[in-house]
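Residue-level listing of the chains:
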Amino acid sequence: MSPSEVAAVLNRLLAADRKAMAALLHGVPCNHALAYDPDVVVTGNLETSAPFEVSALGLINGLMGFGTTRGVTAVYKRTDNNSPWELVLFRGED
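The structure contained in this document is the topic of the report that follows. Nothing here was measured: the structure is a model prediction, and the numbers come from that model.

### Re the environment of Asp 94
1) Next: The residue Asp 94 is located in the segment after β4 (86-93) in this model.
2) Next: With a relative accessible area of 59%, Asp 94 lands in the exposed category.
3) Next: With near-sequence residues (within four places) excluded, Asp 94 lies in contact with Ser 2, Pro 3, Ser 4 and Arg 70.
4) Next: In terms of polar contacts, Asp 94 uses its side chain to reach the side chain of Ser 4, at 2.8 Å.

As structure tokens, then:
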């Protein structure tokens with residue numbers, strides 16, 4: 001599957017249950033062994049060993065071999081500066 005095809009599936013799931021899909025994107029702390037695994041994409045800084053977090057999207061991008069230069073991203077918006085960020089859609093970068 002290409003990143004855009006994965007994004008299409010994720011967008012279909014988002015339409016089915018926005019709350020559940022948004023919850024799956026919250027990162028959880030992970031250790032160095034997971035952060036340095038070549039088949040996962042985490043947030044944090046590998047050079048400074050900053051705290052690492054992994055999310056379902058990081059697992060998907062890593063397993064699909066998308067890495068950090070292409071893949072699936074989550075797009076958020078908010079109506080004004082006082083409102084919370086809301087997940088709008090997934091975008092595939094082929």
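On we go from here.
### Quick word on the nonpolar core
Generally speaking, nonpolar side chains in soluble globular proteins are found buried as a group.
1) Next: In this structure, Val 6, Ala 7, Leu 10, Leu 14, Met 21, Leu 25, Leu 57, Phe 66, Val 72, Leu 87 and Phe 90 together form the largest nonpolar core, which totals 11 residues.
2) Next: Those elements that provide at least two residues to this core are α1 (3-16) and β4.
3) Next: Counting residues per element, this core draws most heavily on α1, at four residues.
4) Next: Non-local contacts of Val 6, meaning those with residues more than four positions away in its chain, are made with Met 1, Ile 60, Met 64, Phe 66 and Val 72.
5) Next: Counting six residues, the second-largest nonpolar core is a separate cluster that includes Cys 30, Ala 35, Val 42 and Phe 52.

### A short note on helix α4 (residues 56-63)
1) Next: Listed as buried for α4 are Leu 57, Gly 58, Asn 61 and Gly 62. The buried residues of α4 occupy an angular sector of 130° when projected down its axis, which confines them to one face.
2) Next: Buried residues along α4 sit in contact with α1, β3 (71-77) and β4.
3) Next: One or two positions beyond α4, positive phi appears at Gly 65, with a value near 75°.

### Overview of the packing of aromatic side chains
1) Next: Under the defined criterion, the tally for this structure stands at one aromatic pair.
2) Next: Residues Tyr 36 and Phe 52 carry aromatic rings whose centres are separated by 6.1 Å and whose planes lie at 80° to one another, so their mutual orientation is edge-to-face. Placement of the pair is Tyr 36 in the loop between α3 (32-35) and β2 (52-54) and Phe 52 in strand β2, with a sequence separation of 16 residues.
3) Next: With a relative accessible area of 4%, Phe 52 lands in the buried category.

Analysis parameters
Residues numbered from 1 in each chain as written. Predicted model: local features only at pLDDT ≥ 70, side-chain atom pairs only at ≥ 80, totals over all residues. Heavy atoms only, no water. Helix = DSSP H or I, 4+ residues; strand = E, 2+ residues; numbered from the N terminus. Buried < 20%, exposed > 50% of the residue type's maximum accessible area, 1.4 Å probe, protein only. Contact = heavy atoms within 4.5 Å. Polar contact = N/O pair within 3.5 Å; in protein donor to acceptor, adjacent residues only side chain to side chain. Core = buried A, V, L, I, M, F, W, Y, C linked by side-chain atoms within 4.5 Å. Arc of directions from axis to C-beta. Phe/Tyr/Trp six-rings, centres within 6.5 Å; stacked < 30°, edge-to-face > 60°.

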